[in-house]
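Coordinate analysis (summary)
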Amino acid sequence: MSPAAEQPGPIRISTPLAEVRALRPAWVDALARLGVVTVADLIKHLPMRYERLEAEAPIRDLAAGSIVTARGEISATRVRPGRRPRFEAALLDHTGRLDLVWFNQTYLKDRIFPGMRLRVQGQAKRFGPHGAWLQLVNPKWEALDEDTEVVEQESRTRPVYPASEHINSAKIELAVARVLDAALPQIEDHLSDDLRRAKDLPGLAEAYRMAHRPASEEEAAAAHRRLAYDELLLLQLGVFLRRAQVRRTMRAEPLRWSEQIDRHIRARFPFALTGAQDRVIGEVVADLMRDEPANRLIQGDVGSGKTVIALYAMLLAAASGHQAALMAPTELLAEQHFLSISEVLKGSNVRMELLTGALGRSERDAALARIAAGDADLVIGTHALLTGDVKFRSLAVVVIDEQHRFGVHQRATLRGKAAEAAGDSRTLVPHTLVMTATPIPRTLALTLLGDLDVSTIDQLPPGRMPIATRVVASEKSAEVYRFVRQRLDAGDQAYIVVPAIDTGASAAGAGGDEDLADLRSVMARLEAHELAGKRLAAMHGRLASRTRDHVMHRFRAGLIDALIATTVIEVGVDVPNATVMVIEHADMFGLAQLHQLRGRVGRGQKRSVCVLIADPKTPDAEQRLAAMAATTDGFALAERDLEIRGPGEVFGQKQAGAPPFKVADLMRDRELLVMARRDAAAWIERSPELNAPGEDLLRKRLLKLHGKWLGLGDVG
Ligand code: ADP
Ligand code: MG
């Protein structure tokens, strides 16, 4: 970077901070580490909150009983041990002395030293003989240095910025102050004045001014409203734009449906469908009969019976002479699906193909040939079906089972598998159904899934008994296993889940065998002690698929009493006689995962029990376990998970490629979210390609933010 002095020029929004002479090089370096490199970056580096900074006064003039702010130099410090250990410091200015006391914060002895200059704020109290001494208890404090030695003459709302050990919030505030006035006039608004007035939103430049230099808390709130709305609106516009684009450029095979076909399919199911299953099948059928590609999320709690929905859709494809694919997240689940669907379709002429990594080369080639020739109607495999070399003759329906992450880009990949349709300029793609037992909290569904239709199975098959869940400390685990033994004696079966990094057989060689050491040691212990004499077997992703099949087969047949397993059993495993689940080190699992795991029991007519053995070490872990014990409702748990972890993580945005929100807070800004969504839908309805006059800037910004991950790059 060229030295600042050489070409200062006017400060532009795109100017690198290194060329802004008013900024110290040390700040510039520190800001760069925060990813803030240009003036624009700095303007977009928004405060995370605000605090009230009271006007400062000389110590002599501080009034006891009120919140006061003072500055001065630390003259002495000491730690007073005891039941409530405290750290004390004396602050002097030229008018007097102020005593500072912090309870239970003796670590401050490493942060506050004699000779340091501090600004402190807190409630002033008089004490000592004749109230001669003035004291602040647990005051807020900040170290002052030459850069921040500005006396606050008046009370004000002060921004608090995301900062680092290299640059504190006060200095970031100073840096912003030095570019803000030059930058603001260059900020163009992508929303029209009319729209802003109608929504009572400030202009963009004004919003940035109010965010960085609010005259009041109301101004800070107005800035937040505008910037959060923007963020939500742009995302929603992107999502709806994408949807409109799909409609214009893609088509799918419309499937045939008749009452006769319906009767035929249903005759295969060994039970009557629940009302919820019937409703969802209705929604799915309506989708599949259109020539517009379906893109539907089917959410239903663990055990709610999603598989029959998948099967119905696939059989409808077969009935219309097309193919369907079912993709599971693990080989184990793909194998389970293959077995149970084979059972259901026994004696029919539907041809099935199981495609997993377990196939030998020639077996795989033969299977691929059958799929390409259209000699396979239903293809079942793992999510790798997406990426592999699999070619279909006429793939009309794709079902993605147990999708926990809701990345739009996975579905985009799928669309990439499309074939060219003859005689139609639109690309032919399969209908897509995504199934999940990790319900998306409504809030999130509203945001990111604008391009998905959602069906919900909100009813369990009849006769299910609720699962009792207990959280037990590890020191009580002997009792837990005594209970397990009783249940096994009575003929029930159990799962014992152990946390282990289990990357599955396909990654064998990559991970070390030691990852499964935990599982092996638990297994050895149970065999020798707690469950001695019981028939135990291990289940994890590294087992050869033949071994896995064999073990599952024996477990299902009741020849194994308990499976000691990794989370491979988290999805899909369905053995109604298994009524006990023990999860070791349950604090190491996420809430969604615990719920999934627990869903392996409670599938029969008997009352099931889930025991979470845990010694939680963090408040988060404690909250997760408490939530598990409190409810078995997957939707309630998903909302709770969102509260505990925040949307970024729940959503797995990073993996999914969707940008996280910088300003909007999905919990607090629900109203804005709903408004932005409604506005965006109406907007794209009006202007489906977002290229009306006056929409240039909006469109440019939208594409820059969301074009790539939404696959909008080819727009215009
Ligand atoms: P999910 O995939 O939603 O977790 P499954 O499709 O595996 O659930 O179904 C769970 C269990 O419930 C399976 O044993 C399935 O056979 C059974 N089941 C599904 N629907 C019904 C129904 N309508 N009546 C009775 N049992 C059902
Ligand atoms: Mg399932």
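A quick note: this is a predicted structure, and the numbers were derived from the prediction, not measured.

Examining the sheet that holds strand β21 (residues 562-565)
Strand order in the open sheet made by the six strands is β18-β23-β22-β19-β21-β20, with parallel pairing throughout. Since the sheet does not close on itself, it has two edges, and those belong to β18 (468-472) and β20 (536-539), each with one partner. The sheet shows a mean angle of 20° between the axes of neighbouring strands, direction not considered. Where strand β22 (residues 578-583) and strand β23 (residues 609-613) come together, four bridges link them in parallel fashion.

Some points on unusual backbone geometry
Phi at His 130 is positive, roughly 55°, even though this residue is not glycine. Along the chain, His 130 turns up in the loop between β5 (117-127) and β6 (133-137). Residue classification places His 130 among the exposed residues on the basis of a relative accessible area of 85%. Positive phi values are uncommon outside glycine, yet Asp 200 reaches one of about 60°. Positionally, Asp 200 belongs in the loop between α4 (193-199) and α5 (204-212).

Regarding the packing of helix α8 (residues 275-288) against helix α9 (residues 307-319)
Each pair of packed helices can be described by the angle between their axes along with the distance between the axes. Orientation of α8 relative to α9, taken along the N-to-C sense of each, is 30°, at an axis distance of 10 Å. As judged from the angle between their axes, α8 and α9 are roughly parallel. Considering only the axes of α8 and α9, their crossing is right-handed. Contacts between α8 and α9 pair Gln 277, Val 280, Ile 281, Val 284, Val 285 and Leu 288 from the former with Val 308, Ile 309, Tyr 312, Ala 313 and Leu 316 from the latter. Classifying every residue of the contact of α8 with α9 by side-chain character gives ten nonpolar, one polar and no charged.

Some remarks on the packing of aromatic side chains
For the coordinates displayed, the defined rule picks out three aromatic pairs. Judged by centre distance (5.3 Å) and plane angle (55°), the rings of Tyr 495 and Phe 555 are tilted. Of the two residues, Tyr 495 is situated in strand β19 (residues 493-497) and Phe 555 in helix α16 (residues 545-556); the sequence distance between them amounts to 60 residues. By the burial criterion, Tyr 495 is buried, and Phe 555 matches it. Seen from the ring of Phe 103, Arg 84 lies directly overhead, with NZ or CZ sitting 4.2 Å from the centre.

Brief notes about helix α11 (residues 361-373)
A rise of 1.5 Å per residue sets the reference length of α11, with its 13 residues, at 18 Å; its end C-alpha atoms lie 18 Å apart and thus fit the reference within 8%. Listed as buried for α11 are Ala 367, Leu 368 and Ile 371. The buried residues of α11 all sit within an arc of 100° when viewed along its axis, so they share a single face. Next to the buried residues of α11 lie β11 (323-328), β12 (352-355) and β13 (378-382). Phi for Gly 374, located one or two positions after α11, is positive at around 85°.

A short note on the site of ligand 1
Surveying the vicinity of ligand 1 reveals 16 residues, the closest of which are Gly 303, Lys 306, Thr 307, Arg 464 and Asp 574. Contact between ligand 1 and Arg 464: an oxygen atom at 2.7 Å from a side-chain N or O atom of the residue. In isolation ligand 1 offers 560 Å² of accessible surface; the protein chains occlude 82% of this area. Here the residues of the shell around ligand 1 sort into five nonpolar, six polar and five charged.

Structural notes on the layout of surface pockets
Reported here for the largest pocket is a volume of approximately 1600 Å³. Lys 44, Leu 46, Tyr 208, Lys 662 and Val 663 are the residues nearest the centre of the largest pocket, which is lined by 48 residues in total. Contributions of two or more residues to the lining of the largest pocket are made by α2 (39-44), β1 (49-53), α5, α6 (217-249) and α23 (696-707). With ten residues, the top contributor of residues to the lining of the largest pocket is α6. Each residue belonging to the lining of the largest pocket can be placed in one class, and the counts come to 27 nonpolar, eight polar and 13 charged.

A closer look at the side chain of Glu 173
Mapped onto the fold, Glu 173 is located in helix α3 (residues 169-183). Since its relative accessible area comes to 16%, Glu 173 is described here as buried. A distance of 2.8 Å separates polar atoms of two side chains, one belonging to Glu 173 and the other to Arg 156. Apart from residues lying up to four places away in sequence, Glu 173 is in contact with Arg 156, Arg 158, Pro 159 and Tyr 161.

Observations regarding the pairing of strand β14 (residues 395-400)
Among the six residues of β14, six are classified as buried, and the element is accordingly described as predominantly covered. Both β11 and β14 contribute to a ladder of five bridges, which runs parallel. Its bridge partner lying in β14, Met 327 is registered against Ile 400.

Some remarks on the side chain of Arg 226
With respect to the helices and strands, Arg 226 occurs in helix α6. In terms of polar contacts, Arg 226 uses its side chain to reach the side chain of Asp 189, at 2.9 Å. Excluding anything up to four places from it in sequence, Arg 226 contacts Asp 189, His 190, Leu 191, Arg 196, Leu 201, Pro 202, Gly 203, Leu 204 and Ala 207.

Focus on the environment of Phe 113
Following the sequence through the fold, Phe 113 ends up in the loop between β4 (96-103) and β5. Judged by its relative accessible area of 41%, Phe 113 falls in the partly exposed class. Apart from the residues within four sequence positions on either side, Phe 113 is in contact with Ile 74 and Thr 77.

Comments concerning the pattern of salt bridges
Evaluation of the coordinates by the stated rule reveals 45 salt bridges. When the shortest N-O distance is used, the salt bridge between Asp 287 and Arg 296 registers 2.6 Å. In this structure, Glu 343 engages Lys 346 in a salt bridge whose closest nitrogen and oxygen atoms are separated by 3.3 Å. Like Glu 343, the residue Lys 346 is exposed in the burial classification. Here the residues in one salt-bridge network are Arg 49, Glu 51, Glu 56, Arg 71, Arg 119, Lys 140, Glu 142 and Arg 158, joined through shared partners.

A few points about the confidence of the model for the chain
In the predicted model, the chain carries a mean pLDDT of 86, and 89% of its residues have values of at least 70. Confidence drops under a pLDDT of 50 for residues 406-422, and excluding neighbours within four residues, the segment shows 45 contacts in the predicted structure. In this model, residues 504-514 is a region of pLDDT below 50 whose contacts with residues beyond four sequence positions or in other chains number ten contacts.

Concerning the environment of Ser 169
Looking at the element boundaries, Ser 169 is found in helix α3. A sequence separation of 122 residues divides Ser 169 from Pro 47, and the C-alpha atoms of the two residues are 8.8 Å apart. Not counting residues within four places of it along the chain, the set of residues in contact with Ser 169 comprises Pro 159, Val 160, Tyr 161 and Ala 163. Among the polar contacts listed, one links the side chain of Ser 169 to the backbone nitrogen of Tyr 161, at a separation of 2.9 Å.

Overview of the sheet that holds β12
On the basis of which strands lie adjacent, the open sheet formed by seven strands has the order β12-β13-β11-β14-β16-β10-β17 and parallel pairing. Of all strands in the sheet, those with a lone pairing partner are β12 and β17 (453-457), marking the two edges. When the angles between neighbouring strand axes are averaged without regard to direction, this sheet yields 20°. Packed on one face of the sheet, α11 meets β11, β12 and β13 and runs near 135° to β12.

A short note on α8
Here α8 spans 20 Å end to end across 14 residues, near enough to the 20 Å set by a 1.5 Å rise per residue. Restricting attention to buried positions, one finds in α8 the residues Ala 276, Gln 277, Val 280, Ile 281, Val 284, Val 285, Asp 287 and Leu 288. On an axial view of α8, the arc spanned by its buried residues comes to 165°, and they lie on one face. Packed against the buried residues of α8 are α7 (259-267), β10 (295-300), α9, β14, β16 (431-436) and β17.

Cut-offs used in this document
- Residues numbered from 1 in each chain as written.
- Chains lettered and ligands numbered in written order.
- Predicted model: local features only at pLDDT ≥ 70, side-chain atom pairs only at ≥ 80, totals over all residues.
- Heavy atoms only, no water.
- Pairing = 2+ DSSP bridges.
- Helix = DSSP H or I, 4+ residues; strand = E, 2+ residues; numbered from the N terminus.
- Axes fitted to C-alpha atoms, helices over the stretch in contact; angles between N-to-C directions.
- Buried < 20%, exposed > 50% of the residue type's maximum accessible area, 1.4 Å probe, protein only.
- Parallel < 35°, antiparallel > 145°, perpendicular 65-115°, else oblique.
- Left-handed = near helix turned anticlockwise from the far one by under 90°.
- Contact = heavy atoms within 4.5 Å.
- Nonpolar A, V, L, I, M, F, W, Y, C, P; charged D, E, K, R; others polar.
- Phe/Tyr/Trp six-rings, centres within 6.5 Å; stacked < 30°, edge-to-face > 60°.
- Lys NZ or Arg CZ within 6 Å of the ring centre and 35° of its normal.
- Expected span 1.5 Å × (residues − 1).
- Arc of directions from axis to C-beta.
- Near = heavy atom within 4 Å.
- Polar contact = N/O pair within 3.5 Å; in protein donor to acceptor, adjacent residues only side chain to side chain.
- Areas by Shrake-Rupley, 256 points an atom, 1.4 Å probe, with all protein chains shown as cover.
- 1 Å grid on protein atoms, 1.4 Å probe; cavity = no way out; pocket = protein on both sides within 12 Å on 5 of 7 lines; lining within 4 Å.
- Points joined across faces, edges and corners; volume = space filled by probe spheres on them.
- Salt bridge = Lys/Arg side-chain N within 4 Å of Asp/Glu carboxyl O.
- pLDDT = per-residue confidence, 0-100.

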